[in-house]
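As a plain string of letters, each chain reads:
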Amino acid sequence: MIEFANVSRRYANGQFGLQDINFRLPTGRMAFLTGHSGAGKSTLLRLIPALDRPTSGKVLIGGYDLNKMGHHQYPKLRRQIGVVFQDHHLLTDRPVFDNVALPLQVSGYLPGDVRRRVDAALDKVGLLGRQRARIEELSGGEQQRVNIARALVNRPRILLADEPTGNLDPDLSRDIFDRFFEFHAVGVTVLIASHDVELLKQYPVPRIALNEGRISAFEEAES
Amino acid sequence: MSGPAINEARGNSEKSRRPMAAWRRHHRQCLRGAFMRLLRRPVGAWATILVLGVVLSLPALVMTLGHQVERLGAIWMSDAARMDIYLATDADEAARGTLRDWLDRQATVAEQRVIPPEEGLEALTERLHIDGMDALESNPLPWVIELTLSDARSDTRLALAEGLRAQPAVAEFSSGDDWIQRLEQIRAFFDELGWWLLLLLGLTVVFVVSNTLRLELHERRREIALIALIGGTERYMLRPLLYDGTLSGLLGGVVASGLVGVAMSVTSGPIERFAASYGAAISPQIDPALVLLLMSAGALLGWLSAQVIGRFYIGRLSTP
C-alpha cells in the first residue's frame, strides 16, 4: 500500500513541487498519475523509493512511515520497488543481460538464480535471445523493455513508471502499457505517471490528476 | 525494517539469496575490476601510482639514512663502551675491594681491569716519552679501574654514573658520552623526521588518490545512482572504490621501495668507503621491514582515501 498524507515538497528557491497531497493506493492496485509536464508527477514518484524527502507530511509504504526510516534502511525499501524511467537509465557499456541482472546481484543472488530470473524477465518483455546485445544496438522500444525487465526481475511488490512511453510510437506504447497491466494482474501495485491522455483512456484504471503540485482530480476507473 | 509490504515482498525470493556467497563473489569481482581498470587506463592510473611512489619514497629515504647513521654509530660505539674510574687518593685496599664488588654486581659492567698507579705511570712515561719520571718523590697518579660496558647506550652510562657518584672510593670518572648522546639524537631526529614526513606526505597521498578516485566516481555517477535506486547498499557501492584505492596505494608502496632501492645502490659506493675508513664493512641494502612498511602504508592510505571520498560522494548520490 502506498499512502500520502498531507505531503508537500518545497524546493530551496521557495517554490512548491508538491502541495498537500493526500491519496491511498491499496496493495495490488493500479493507478495512473496524470498532469502536464511540471505538474509534480516525477517529484511525487521520487518520494516513494525515498529518492527525495517530503518537506512536510508523511509517505507510508506498507504502513511504514518513510520519515522514520534511517539511511541504512533505504536499500531494503528500494529492493521492493521497481522503477521504470523515461530515459531508461541503462548502463551502455554493458550488455542487456548485465543491465537486467544488476538488481539481483545487488540483492545477493547466486549466478544460477540470476541467469534463470534474467531469462524469465527478458522472456516476459519479448527480448529472450538478446541477452548479449549491447544497449546501443537496441531500438528505443527495446531499450525501454530492457528497462522494464530490470524493474521487474527482482519481483518487486510495487512498480513505478515515470513517462515510460515518452519517446515511443502509439503501438509500442500500448504494448508497454499492456505489460504493466499484466503485472498488476498478478498482484503488483502499479503507479504510472504519464501525460498521454489518449493512451490512458484505453485502460480502466483510476487516475490521480496533478496540477501545479496539487491533486486537481481523483477519477475512478471507467469501465 | 518492518512493515507488511516489505515483509510480504521477501517471501520465496529470500530462499534463493546467498548473501555470504554473493559477498565473496562481489569481493572477487571488485578485485578483478580494480586490475582491469588499471589496465584500461594505464597512463592515468600509473601516473598516480608513480606520484605515490615518489611521495612515499621521501620518508623512506630519510628513515634509511637514519638506519645508516645507526649502523655507523654502532661501529663507533663498540669503542665507546668503555669507562675509566679514577679512585680517590685515600681509597685503601678495602675501599677498592668494596668498589670492585659493587661493580661486579652491576649488570651493565661486562669487564673491569684495575690499573695500579705504577702501571699508569709506566704507560704515561712510555706514551709521552718523558725521562726522569723516576725522580718524582711520589706517584701522582690514582688507581684506575677500566670498565668495559655491556652496551654503549647513553642511558646505561647515565645509570652507572649515578651509582658511581655515590661510591666514596670514586674521585672521578670519564663520562665522555656527549657525542654518543649527540649520535643518538641525530638517529632519533632522522627517525622522527621520517615519521613526520610519512604523516604529512601521507596526507598528500590521500589527496592525490582521492582526486583520482573522484574522477573515477564522476565517470561512474550514473551507475552509482542506479545501484542506489535498485537497493545497493553504501558498502556495495563503495567496495569497487576501496579495491581501486588499496591497489593503487599498494603499488605506490612497491614503486617507493624500488626508488629507495635504486637510491641505495647509487649511494652504496660512498657509504661502503666511508665505513671502510672506520674498519667496518657495510653494504647498504633496503630493509625488508621498510618494504613492508611502505606497502602497508601505501595500501592503508589508498584505502583511507577511497573511504573518505567514496562515503562523501556516494552518500550525496544515494541519499535524499
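In this text, all values refer to a predicted model and were calculated from it rather than measured experimentally. (Residues numbered from 1 in each chain as written. Chains lettered and ligands numbered in written order. Predicted model: local features only at pLDDT ≥ 70, side-chain atom pairs only at ≥ 80, totals over all residues. Heavy atoms only, no water.)

Section: the pattern of salt bridges
Opposite charge on two side chains permits pairing when their charged atoms draw close. We apply this condition: Here, a salt bridge means any side-chain nitrogen of Lys or Arg that lies within 4 Å of a carboxyl oxygen of Asp or Glu. In this scheme, a residue with accessible area under 20% of its type's maximum is buried, one over 50% is exposed, and one in between is partly exposed, where area comes from a 1.4 Å probe on protein chains only. Only runs of H or I of at least four residues qualify as helices and only runs of E of at least two qualify as strands under DSSP, and these elements are numbered from the N terminus.
Evaluated as defined, the whole model comprises 15 salt bridges over all chains. Here Lys201 of chain A and Glu198 of chain A are joined by a salt bridge, their closest N and O atoms 3.5 Å apart. Overall, the relative accessible area of 53% leaves Glu198 of chain A in the exposed class. Note that Arg37 of chain B and Glu216 of chain B form a salt bridge whose closest N and O atoms lie 3.8 Å from each other. A residue pair is termed long-range when its members are at least 10 positions apart, and Arg37 of chain B in helix H2 (residues 19–40) and Glu216 of chain B in helix H7 (residues 178–219) qualify at 179 residues. There is no split in this pair, since Arg37 of chain B and Glu216 of chain B are both buried. A network of salt bridges, in which partner residues are shared, links Asp93 and Arg94 of chain A together with Arg220 and Glu223 of chain B.

Some words on helix H6 (residues 170–185) of chain A
Residues and elements named next belong to chain A. In plain terms, the rule: Here the expected span of a helix is defined as 1.5 Å times the quantity of residues minus one. This arc corresponds to the set of directions leading from the helix axis out to the C-beta atoms.
When the terminal C-alpha atoms of H6 are compared, their 22 Å separation across 16 residues agrees well with the 22 Å that a helix rising 1.5 Å per residue should span. Those residues of H6 that fall on the buried side of the exposure criterion are Ser173, Ile176, Phe177, Arg179, Phe180 and Phe183. Burial along H6 is one-sided: seen end-on, the buried residues are contained in an arc of 150 degrees. Set apart from the buried face of H6 by more than 90 degrees, the exposed residues are Pro170, Asp171 and Ala185. In the segment just after H6, Gly187 is the residue with positive phi, at about 100 degrees.

Description of a nonpolar patch on the surface
Let me state the cut-off plainly: Residues enter patches when they are more than 30% accessible in relative terms and free of salt bridges; like-charged ones are connected within 9 Å and nonpolar ones (Val, Leu, Ile, Met, Phe, Trp, Tyr) within 5 Å. Surface accessibility in these figures is a Shrake-Rupley result with a 1.4 Å probe; residues are shielded only by whichever protein chains are displayed.
On the surface, Leu300, Trp303, Leu304 and Val308 of chain B cluster together to form a nonpolar patch covering roughly 380 Å² of accessible area. Assignment of secondary structure puts Val308 of chain B in helix H10 (residues 288–318).

Structural notes on the packing of aromatic side chains
All names here are of chain A. Selection rule: Stacked, tilted and edge-to-face are the three classes assigned to paired rings of Phe, Tyr and Trp, where Trp is represented by its six-membered ring and a pair needs centres within 6.5 Å; plane angles under 30 degrees give stacked, over 60 edge-to-face, the rest tilted.
Tallied over the full model, the rule gives 7 aromatic pairs over all chains. A centroid spacing of 6.3 Å and a plane angle of 80 degrees characterise the contact between Phe32 and Tyr203, whose relative ring orientation is edge-to-face. With Phe32 in strand E3 (residues 30–34) and Tyr203 in the loop between helix H7 (197–200) and strand E9 (207–211), the pair connects residues that are 171 residues apart, well separated along the chain. Phe32 gets classed as buried once you look at its relative accessible area, which sits at 0%.

Some points on the nonpolar core
Short version of the rule: Residues belong to a common nonpolar core when they are buried Ala, Val, Leu, Ile, Met, Phe, Trp, Tyr or Cys residues joined through side-chain atoms within 4.5 Å. Between two residues, a contact is recorded if the distance between any of their heavy atoms is within 4.5 Å.
Counting 68 residues, the largest nonpolar core has Ile2, Phe4, Phe23, Leu44, Ile48, Leu160 and Leu191 of chain A as the members making the most contacts within it. The dominant element in this core, judged by the number of residues it contributes, is helix H9 (residues 234–277) of chain B, at 8 residues. Once you skip the residues sitting within four places of it in the chain, Leu44 of chain A turns out to touch Phe4, Leu18, Ile21, Phe23, Leu33, Leu191 and Leu210 of chain A. The next biggest cluster of nonpolar side chains, apart from the first, holds 39 residues, and it includes Leu104, Val146, Ile148 and Val153 of chain A.

As for the sheet that holds strand E10 (residues 214–219) of chain A
Pairing between the strands of a sheet comes from backbone hydrogen bonds, and it takes one of two forms, parallel or antiparallel. Residues and elements named next belong to chain A. Worth spelling out the cut-off: Pairing between strands is defined by DSSP: at least two bridges between the two strands are required. Orientation is described by axes fitted as lines to C-alpha atoms, over the contacting stretch for helices, and by angles from 0 to 180 degrees between their N-to-C directions.
Reading across from one edge, E6-E7-E8-E3-E9-E10 is the order of the 6 strands in this open sheet, with mixed pairing throughout. Bordering the open sheet on either side are strand E6 (81–84) and E10, each of which pairs with just one other strand. Each neighbouring strand pair of the sheet contributes to a mean axis angle of 15 degrees, computed without reference to strand direction. Pairing geometry for E3 and E9, over 3 bridges, is parallel. Within E9, the residue paired with Thr34 across the bridge is Ala209.

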